[in-house]
Amino acid sequence: MPHLLITGGAGFIGSNFVRYWCDRHPEDHVVVLDALTYAGNRANIADLYEQGKLTFVQGNICDRPLIDRLLREHEIDTVAHFAAESHVDRSILGPEAFIQTNVVGTFTLLEAFRSHYANQQRGRFLHVSTDEVYGSLSPEDPPFSETTAYAPNSPYSASKAGSDHLVRSYFHTYGLPTLITNCSNNYGPYHFPEKLIPLMCINILLGKALPVYGDGQNVRDWLYVEDHCNALDTVISKGKPGQTYNIGGNNEVKNLDLVHLLCQLMDEMAPQLPQRPSQELITFVRDRPGHDRRYAIDATKIKTELGWQPSVTVEEGLRRTVDWYLSHEQWWTPLLSQDYREYYDQVYGATPNS
Ligand code: NAD
Ligand code: DAU
């Protein structure tokens, strides 16, 4: 019976992974460690905790004595490491927390796991990373593969690149059974409102401006979060230690086209809207500094070696996501706090109707 430590399990992807895991592997022992920063939310997994399906620990991945204790007391054999500062715009406003959590926190986990592994000689360490470490593509470039050179452009992606290198080095130097995944943009339930898709859904529902950066022609490769969870399960069970696997949705979409799609879906699915058609809310705003133009993933390796491929089309995934935000107002309303409004004003300034 595997014993899992899931870091960052009350954030967006982490909480979806916890749900996925408890559903597919109900016999496993699951411990969730999360500091509950602004992005972490106990409510994301509260039902599972109340049903006794997991142990939740509020704590920091930089806290070595805590990690040592959790690994030992729960006899952890599998670490699934999601905890991170994850938002590019926040890394531009204040990079320090990104270095602390993403680099120092990952290092702390690796050191603790190294000492734990020396005693038990079994286990896996899955490091969940991003396609942003590869930098930016032009329209003609081939998608990122596992051999694409790292070229991170934001403090966020640079900190994730640093953590990837540390994880890689612990395989080569100490023989730790590490696995790295680099995934494209996720979307789905429990996505914090600062990111593009939830921000647009919520602003449409509130009749607020829809801020599109620059010319809106930047491209992202969208993956429904449940498909990502399934890919991670596949990598944990079948992946080869020391290897990296790219995970993507084969869904390249320009930002402006995506926002139009969300407006159409909201116009169709929402019973009431302050502004219809909602696309009239689209507002072009100042571009993100160093904004990467295009991300795209070549997911051939995980498909041919491990047999994984995405199953949810972007049309279906967006429909499910819009439906979720429509029916979970009680989840997202408390997140639009004073802190969130201050962050919003810092990034967007005084946009009309903001
Ligand atoms: P998120 O910001 O929604 O969640 C991060 C979680 O980590 C939060 O619950 C937060 O409280 C927790 N956390 C932050 N600092 C911590 C610390 N020091 N100690 C313990 N917990 C801490 O992020 P997400 O979008 O769910 O991303 C999860 C992981 O997946 C990250 O490593 C991110 O780099 C990676 N990733 C995200 C995407 C995406 O599209 N969102 C794509 C590829 C990879
Ligand atoms: O590619 C994987 C990455 O995807 C993850 O590693 C990150 O953790 C995750 O946040 C995400 O990064 P992005 O910067 O691509 O996601 P975001 O939702 O912030 O922005 C998506 C695109 O939309 C990007 O080109 C910027 C643009 N954008 C974003 C916001 C928030 C806007 O035009 N307007 C906005 O208000």
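Above: the structure in question.
Read on for a plain summary of the structure. (Residues numbered from 1 in each chain as written. Chains lettered and ligands numbered in written order. Predicted model: local features only at pLDDT ≥ 70, side-chain atom pairs only at ≥ 80, totals over all residues. Heavy atoms only, no water.)

## With respect to the site of ligand 1
Here is step 1: Contacts to ligand 1 come from 29 residues, most closely from I13, D34, S86, Y156 and K160.
Here is step 2: With respect to ligand 1, the backbone of F12 contributes an N or O atom lying 3.0 Å from an oxygen atom.
Here is step 3: A distance of 2.7 Å separates an oxygen atom of ligand 1 from a polar side-chain atom of Y156.
Here is step 4: In isolation ligand 1 offers 840 Å² of accessible surface; the protein chains occlude 96% of this area.
Here is step 5: Each residue belonging to the shell around ligand 1 can be placed in one class, and the counts come to 13 nonpolar, 14 polar and two charged. (Near = heavy atom within 4 Å. Polar contact = N/O pair within 3.5 Å; in protein donor to acceptor, adjacent residues only side chain to side chain. Areas by Shrake-Rupley, 256 points an atom, 1.4 Å probe, with all protein chains shown as cover. Nonpolar A, V, L, I, M, F, W, Y, C, P; charged D, E, K, R; others polar.)

## A few points about the pairing of strand β2 (residues 29-34)
Here is step 1: For β2, the buried fraction is high: five of the six residues fall into the buried class.
Here is step 2: By the bridge criterion, five bridges tie strand β1 (residues 3-7) to β2 in an arrangement that is parallel. Bridging from a neighbouring strand, H3 pairs with H29 of β2.
Here is step 3: Since β1 and β2 lie parallel, the crossover through helix α1 (residues 12-24) that links them has a hand, and here it is right-handed.
Here is step 4: Across four bridges, β2 lies against strand β3 (residues 55-58) in parallel orientation. Directly across from V31, in β3, lies its bridge partner T55. (Buried < 20%, exposed > 50% of the residue type's maximum accessible area, 1.4 Å probe, protein only. Helix = DSSP H or I, 4+ residues; strand = E, 2+ residues; numbered from the N terminus. Pairing = 2+ DSSP bridges. Right-handed = clockwise from strand over helix to strand, strands pointing away.)

## A short note on unusual backbone geometry
Here is step 1: Cis geometry is adopted by the peptide bond preceding P277, which originates at R276 and carries an omega value of 0°.
Here is step 2: Unlike most non-glycine residues, Q121 shows phi in positive territory, near 55°.
Here is step 3: Looking at the element boundaries, Q121 is found in the loop between α5 (96-120) and β5 (124-130).
Here is step 4: A positive phi angle, close to 55°, is found at N250, a residue other than glycine.
Here is step 5: Considering the arrangement of structural elements, one finds N250 in the loop between β11 (244-247) and β12 (252-254).
Here is step 6: Of the residues examined, N250 reaches a relative accessible area of 61% and is grouped as exposed.

## Section: the packing of aromatic side chains
Each aromatic ring pair is characterised by the separation of its centres together with the angle its planes make.
Here is step 1: Applying the stated criterion across every chain, the model contains 22 aromatic pairs.
Here is step 2: Pairing F17 with F82 gives two aromatic rings, centres 5.0 Å apart and planes at 45°, and the pair type is tilted. Taken together, the residues span a long stretch of sequence, with F17 in helix α1 and F82 in the loop between β4 (78-81) and α4 (88-93) at a distance of 65 residues. For the residue pair F17 and F82, the accessibility class agrees, reading buried in each case.
Here is step 3: Seen in terms of ring centroids, Y190 and W331 are 5.9 Å apart; in terms of plane orientation they differ by 85°. Their pairing is edge-to-face. With Y190 in the loop between β7 (186-187) and α7 (196-206) and W331 in helix α12 (residues 329-332), this pair connects stretches of sequence that are 141 residues apart. (Phe/Tyr/Trp six-rings, centres within 6.5 Å; stacked < 30°, edge-to-face > 60°.)

## A few points about helix α11 (residues 314-327)
Here is step 1: Between its first and last C-alpha atoms α11 spans 20 Å; for 14 residues at 1.5 Å apiece the expected length is 20 Å, and the two agree.
Here is step 2: For α11, the set of buried residues is V314, G317, L318, T321, V322, W324 and Y325. Looking straight down α11, one finds that the buried residues subtend no more than 160° of arc, so they occupy a single side. (Expected span 1.5 Å × (residues − 1). Arc of directions from axis to C-beta.)

## Section: the pairing of β1
Consecutive residues of a regular strand have side chains that alternate between opposite faces of the sheet.
Here is step 1: Among the five residues that make up β1, five are buried, leaving the element largely enclosed by the rest of the structure.
Here is step 2: Sheet topology places β1 next to β4; four bridges connect them, and they run parallel. Its bridge partner lying in β4, L5 is registered against V79.

## Regarding the state of the cysteines
Here is step 1: On inspection of all chains with the given rule, the structure shows zero disulfides.
Here is step 2: Just so you know, C183 is unpaired, no disulfide at all, and the nearest cysteine sulfur is the one on C229, 9.5 Å from it. (Disulfide = S-S within 2.5 Å.)

## Some remarks on the packing of helix α3 (residues 64-73) against α5
Here is step 1: At a minimum axis separation of 9 Å, α3 and α5 run at an interaxial angle of 40°. The angle between α3 and α5 falls in the class oblique. With respect to the hand of their crossing, α3 and α5 are arranged in right-handed fashion. Counted together, R64, I67, D68, L71 and R72 of α3 and T108, L109, E111, A112, F113, S115 and H116 of α5 form the full contact between these two elements.
Here is step 2: Each residue belonging to the contact of α3 with α5 can be placed in one class, and the counts come to five nonpolar, three polar and four charged. (Axes fitted to C-alpha atoms, helices over the stretch in contact; angles between N-to-C directions. Parallel < 35°, antiparallel > 145°, perpendicular 65-115°, else oblique. Left-handed = near helix turned anticlockwise from the far one by under 90°. Contact = heavy atoms within 4.5 Å.)

## A short note on the site of ligand 2
Here is step 1: Contacts to ligand 2 come from 23 residues, most closely from T130, D131, Y156, R288 and Y348.
Here is step 2: Note that an oxygen atom of ligand 2 is positioned 2.7 Å from one of the side-chain N or O atoms of T130.
Here is step 3: K195 is positioned such that a nitrogen or oxygen atom in its side chain is 3.2 Å from an oxygen atom of ligand 2.
Here is step 4: A per-element tally of the shell around ligand 2 places strand β8 (residues 210-213) first, with three residues.
Here is step 5: Counted by class, the shell around ligand 2 contains nine nonpolar, eight polar and six charged residues.

## Overview of the environment of D292
Here is step 1: Take D292: it is sitting in the loop between β13 (282-285) and α10 (300-306).
Here is step 2: Judged by relative accessible area, D292 falls into the buried class, the value being 6%.
Here is step 3: D292 sits 138 residues away from S154 along the chain, and the two C-alpha atoms are 8.8 Å apart.

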